[in-house]
2 protein chains.
Amino acid sequence: MQAKPTMEDVAHRAGVSRSLVSLVFQGADNVSDARRAAVLAAAEELGYRPNRLARNLAQGKSMTIGAVVDDLHNPFFGTVIDGVEQHLTQHGYQLMIANGARDAEVTVAAASTFNELQVDGIVLIGARGPMEPLYDLARRVPTAMIARQIKSDLLDSVRVDEHVGSRLVIDHLHRLGHRSIAHIDGGEGASAGERREGYEIAMRSVGLEAHIDVVPGEFTHEAGAKAAVTLAERGSMPDAVFAGNDLIATGVWLQLERMDVSVPSDVSLVGYDDAPFIGIGQVGLTTIRQPSSEIGSRAAELLLDRIDETPDSGRHEAIAPTLVERSSTESA
Amino acid sequence: MQAKPTMEDVAHRAGVSRSLVSLVFQGADNVSDARRAAVLAAAEELGYRPNRLARNLAQGKSMTIGAVVDDLHNPFFGTVIDGVEQHLTQHGYQLMIANGARDAEVTVAAASTFNELQVDGIVLIGARGPMEPLYDLARRVPTAMIARQIKSDLLDSVRVDEHVGSRLVIDHLHRLGHRSIAHIDGGEGASAGERREGYEIAMRSVGLEAHIDVVPGEFTHEAGAKAAVTLAERGSMPDAVFAGNDLIATGVWLQLERMDVSVPSDVSLVGYDDAPFIGIGQVGLTTIRQPSSEIGSRAAELLLDRIDETPDSGRHEAIAPTLVERSSTESA
DNA sequence: CCATCGTGTTGGAGCGCTCCAATACGTGAA
DNA sequence: TTCACGTATTGGAGCGCTCCAACACGATGG
């Protein structure tokens, strides 16, 4: 690692002032061509790279946005990030990502670090845990939240209406003649609660309250497999399983197959998210599709608005999801 | 957004000097309990958060590492990141992630930004494109590379021996009696070239050079589906398909099913990476397992060593992968 | 020929912090 | 009581940059 040249070095070499070098690197237009060329040449020769840390400190802004993602392994979040990133780069912002590792404290810590790093805004993707620390954060730095139902003037949010999603699932299964429909939930995961609620509401509204059966889980493949075991150990399998998301669904599916229970002939299975890989194999997974990329870019848009001018109220948008019917579900 | 209090403000409120506040926040031990308490109280009351930007600038280090990931959607990279992150946090470093979006220029740009942001080190995960700009980067900031075969003293690297992996695949298929084995490659993706080479070498060594058939692809689900169409349009299907990675394999699989070609009875299919979801369904995908998390943590370890003390030579490690036999392959 | 203007350029202060040398202040030894 | 010493605290310089007021200077107009 050679010692890093600074603007001062470049200025000296080019025979101009530090200020002039600064102007050149900011792309100012009132710099004579000769000097500009001299500066650029000197910078090139020295291998000079601007120190953005110093620049950000001096300017008081960083043109970067921090995103904290609840789980990097969740393909849904991956697509959301695409949307966020696309919108941000279009507007000259840089996106920096940190992993929340499905842990509320890690999430808050990562977000705080972003704050201390003076990012211009923060996007929380599927953040879990108590809202208070997150509100506290939102008071300090413009924040947008994705995939969680909240109502606050401190930040904006975009999510899918999970009650509608759950309703679509239950209606679909009910129409196919299934009665005992178990739900494996996402535990503490963002929107896990709403999906669970939506499931219960929907079950009631089709007269299946007696069959309400929530198996506690997590938004992971492993939790899905574990839940399948739990179901099996109870003796009688339900007619159908509504998994909290696709990751859970694939875990359930794999485990059921291992136990010689087949999908869909023995049990119908529905996921949630429409991850890219779940159409695979003889049997595609019936699931709920969320416009993930759009959700991401919309959240980014709200965030940039908020950075421009802090509004006195929060904007909270909920988008209706749709059911994608494949072959992991069939009539009873 | 309330105006941000600075150390000066805290110092003033606590009736001490700015330096003392600094000492408290650095956890210095030679500060009297009374003053420390006063400082902490003042900070609390003002809602003070240290500005890490300023701190990093003054200290000349940031205790953060930047990772540029070729493709956030690739589950293999996700697990690699886990490994990297685990090792780094253990050693007090923070991990910041940026997306390379499967594009060499985006990758270099992201890495440069990290450099300008004065990160202490950079991890390139599956970086593609010409090495020159990456070497240039490695000259400025300690760098480690994952999943790409290189030989340079400027940086360290950890990867899987792709030739061994390809060899395992071909041997497996050959032993099952398959002869025409097509390979769908990962295009410009890191290690795509080595897998392709490995495929060709292995095919030759089992006497199948006449059947060498590389279908150009990309490390994505979509490219896999497209390649399946390409194969189908040629009239005769190969006996088996060796997909460049699991993403491609799932794409191929899905598309084959759509075209009524079944796996494995009509075509045996092998993937690469052992992504968590591919065991799903009646038929699990036979694939190559890489110890991804270990690869990540090992790379992080090499990087931290390099940060401690710049070595005059690069360390390049290659780990042998293993074959996981599931049911997407069967005898001819 | 001098005042006026505009384009280019510059020095200095400042962003919020760290770090070091210098200082203040007890405390125990002489 | 005095001196030396160690501990706690402080002011100032500096990290690499931006921004602004000030300035130099050739071109313009009366």
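The model shown is predicted, which means the values in this text are computed figures rather than measured ones.

Definitions and limits used
- Residues numbered from 1 in each chain as written.
- Chains lettered and ligands numbered in written order.
- Predicted model: local features only at pLDDT ≥ 70, side-chain atom pairs only at ≥ 80, totals over all residues.
- Heavy atoms only, no water.
- Near = heavy atom within 4 Å.
- Polar contact = N/O pair within 3.5 Å; in protein donor to acceptor, adjacent residues only side chain to side chain.
- Helix = DSSP H or I, 4+ residues; strand = E, 2+ residues; numbered from the N terminus.
- Nonpolar A, V, L, I, M, F, W, Y, C, P; charged D, E, K, R; others polar.
- Phe/Tyr/Trp six-rings, centres within 6.5 Å; stacked < 30°, edge-to-face > 60°.
- Buried < 20%, exposed > 50% of the residue type's maximum accessible area, 1.4 Å probe, protein only.
- Lys NZ or Arg CZ within 6 Å of the ring centre and 35° of its normal.
- Pairing = 2+ DSSP bridges.
- Axes fitted to C-alpha atoms, helices over the stretch in contact; angles between N-to-C directions.
- Contact = heavy atoms within 4.5 Å.
- Salt bridge = Lys/Arg side-chain N within 4 Å of Asp/Glu carboxyl O.
- Least-squares fit on C-alpha atoms with pLDDT ≥ 70 in both.
- Buried area = accessible area lost by both parts, 1.4 Å probe.
- Domains from an automatic or database assignment.

**Let's talk about the protein's contact with DNA strand C**
Near DNA strand C, the surroundings consist of 25 residues, among which Ser19 and Arg35 of chain A together with Met7, Ser22 and Tyr48 of chain B are the closest. Sugar and phosphate atoms constitute 67% of the interface atoms of DNA strand C, taking the interface as everything within 4 Å of the protein. Within the side chain of Arg18 of chain A, a nitrogen or oxygen atom sits 2.8 Å from a base oxygen of DNA strand C. One of the backbone nitrogen or oxygen atoms of Ser32 of chain A is found 2.9 Å away from a phosphate oxygen of DNA strand C. Elements with a contribution of two residues or more to the surface near DNA strand C: α2 (18–25) and α4 (52–59) of chain A together with α2 (18–25) and α4 (52–59) of chain B. Of the residues in the surface near DNA strand C, the class split is 11 nonpolar, 10 polar and 4 charged.

**Quick look at the protein's contact with DNA strand D**
Around DNA strand D, the structure places 25 residues, and the nearest of them are Met7, Ser22 and Tyr48 of chain A together with Ser19 and Arg35 of chain B. Sugar plus phosphate, as a fraction of atoms of DNA strand D within 4 Å of the protein: 65%. With respect to DNA strand D, the side chain of Ser19 of chain A contributes an N or O atom lying 3.3 Å from a base nitrogen. One nitrogen or oxygen atom from the side chain of Arg35 of chain B is found 2.9 Å from a phosphate oxygen belonging to DNA strand D.

**Focus on the packing of aromatic side chains**
Describing an aromatic ring pair means giving the distance of the ring centres and the angle of the ring planes. Residues and elements named next belong to chain A. One pass over the full model with this rule turns up 8 aromatic pairs over all chains. Between Phe76 and Phe77, the ring centres sit 5.5 Å apart and the planes meet at 50°, which makes this aromatic pair tilted. Considered together, Phe76 and Phe77 belong to a single accessibility category, that of buried residues. Between Phe242 and Tyr272 the ring centres are 6.3 Å apart and the planes differ by 25°, which places this aromatic pair in the stacked class. Here the residue Phe242 occupies a position in strand β8 (residues 240–243), and Tyr272 occupies one in the loop between β9 (268–270) and β10 (287–289), the gap between them amounting to 30 residues. Pair check on accessibility: Phe242 and Tyr272 agree, each one buried. Aromatic rings pair up to connect Tyr199, Phe242 and Tyr272 into one cluster. Sitting above the plane of the Tyr272 ring, Arg195 keeps its charged end 3.8 Å from the centroid.

**Focus: the sheet that holds strand β7 (residues 213–215) of chain A**
All names here are of chain A. With parallel pairing, the 4 strands of this open sheet are ordered in space as β7-β6-β8-β9. Among the strands making up the open sheet, the edge pair consists of β7 and β9. Direction aside, neighbouring strands of the sheet carry axes that sit 20° apart on average. Pairing analysis gives 4 bridges linking strand β6 (residues 181–184) to β8, with the strands arranged parallel. Along β8, the bridge assignment pairs His183 with Phe242. Running over the sheet, helix α8 (residues 162–175) touches β6, β8 and β9 and is turned about 170° from β8. Where helix α11 (residues 246–258) meets the sheet, it contacts β6, β8 and β9, and its direction lies at approximately 155° from that of β9.

**Quick notes on the pattern of salt bridges**
The full count for this structure, using the stated rule, is 40 salt bridges over all chains. The residue Glu218 of chain B makes a salt bridge to Arg128 of chain B at a minimum N-O spacing of 3.6 Å. With Glu218 of chain B in the loop between β7 (213–215) and α10 (221–233) and Arg128 of chain B in the loop between β3 (121–125) and α7 (132–140), this pair connects stretches of sequence that are 90 residues apart. Arg298 of chain B serves as the salt-bridge partner of Glu301 of chain B, at 3.3 Å between the closest nitrogen and oxygen. Of this pair, Glu301 of chain B and Arg298 of chain B both sit in helix α12 (residues 292–308), 3 residues apart, which is roughly one turn of that helix. The network of salt bridges with common partners includes Asp70, Asp71, Arg102, Arg128 and Glu218 of chain A.

**Points about the relation of the copies chain A and chain B**
Expressed as a screw operation, the relation of chain A to chain B combines 0.0 Å of axial shift with a rotation of 180°, fitting to an RMSD of 0.1 Å. Within this description, the copies of the chain are treated as partners about a two-fold rotation axis. Scanning chain A for the C-alpha nearest the rotation axis identifies Ile97 of chain A, at a separation of 2.4 Å. The residues that chain A uses at the interface reappear at the interface of chain B in 100% of cases, marking a shared surface.

**As for the interface of chain A and chain B**
Listed per partner, the contact involves 53 residues of chain A and 53 residues of chain B. Buried area between chain A and chain B, both sides added, is near 5,200 Å², and the carbon and sulfur share of it is 60%. Connecting chain A to chain B are 0 salt bridges. Inspection of the chain A/chain B interface yields 9 residue pairs in polar contact (both at pLDDT 80 or more). Counting residues per element, the ones that place at least two in the side of chain A that touches chain B are α4, α5 (75–90), β2 (94–99), α6 (104–116), α7 (132–140) and α11 of chain A. Classifying every residue of the side of chain A that touches chain B gives 24 nonpolar, 19 polar and 10 charged.

**Side note on the domain arrangement of chain A**
Residues and elements named next belong to chain A. You can read the domains of chain A as domain 1 (7–50), domain 2 (64–160 + 292–320) and domain 3 (162–290). If you average the C-alpha positions of domain 2 and of domain 3, the two centres end up 28 Å apart. On the domain 3 side, the residues contacting the 16 residues of domain 2 number 17 residues. Interface of domain 2 and domain 3: buried area, both sides summed, is about 1,300 Å²; carbon and sulfur atoms make up 53% of it. Between the two partners, domain 2 and domain 3, sit 2 salt bridges. Summed over the shared surface of domain 2 and domain 3, the result is 3 residue pairs in polar contact (both at pLDDT 80 or more).

**Here's the deal with the sheet that holds β7 of chain B**
All names here are of chain B. In spatial order, the strands read β7-β6-β8-β9; together these 4 strands make up an open sheet with parallel pairing. Bordering the open sheet on either side are β7 and β9 (268–270), each of which pairs with just one other strand. Within this sheet the neighbouring strands show an average axis-to-axis angle of 20°, counted without direction. With 3 bridges joining them, strand β6 (residues 181–184) and β7 adopt parallel strand pairing. Its bridge partner being in β7, Ile184 is matched across the sheet by Val215. The sheet contacts of helix α8 (residues 162–175) involve β6, β8 (240–243) and β9, and relative to β8 the element is tilted by about 170°.

**As for unusual backbone geometry**
For the peptide bond that leads from Val263 of chain A to Pro264 of chain A, omega is 5°, which places it in the cis range. Mapped onto the elements, Pro264 of chain A comes out in the loop between α11 and β9. Even without glycine at this site, Met63 of chain A takes up a positive phi of about 55°. Examined against the element boundaries, Met63 of chain A turns out to sit in the loop between α4 and β1 (64–69). Overall, Met63 of chain A belongs to the partly exposed group, its relative accessible area being 28%. One non-glycine residue, Ser191 of chain B, lies in the positive phi region at around 70°. You can see Ser191 of chain B is positioned in the loop between β6 and α9 (192–205). When its relative accessible area of 5% is taken as the criterion, Ser191 of chain B is described as buried.

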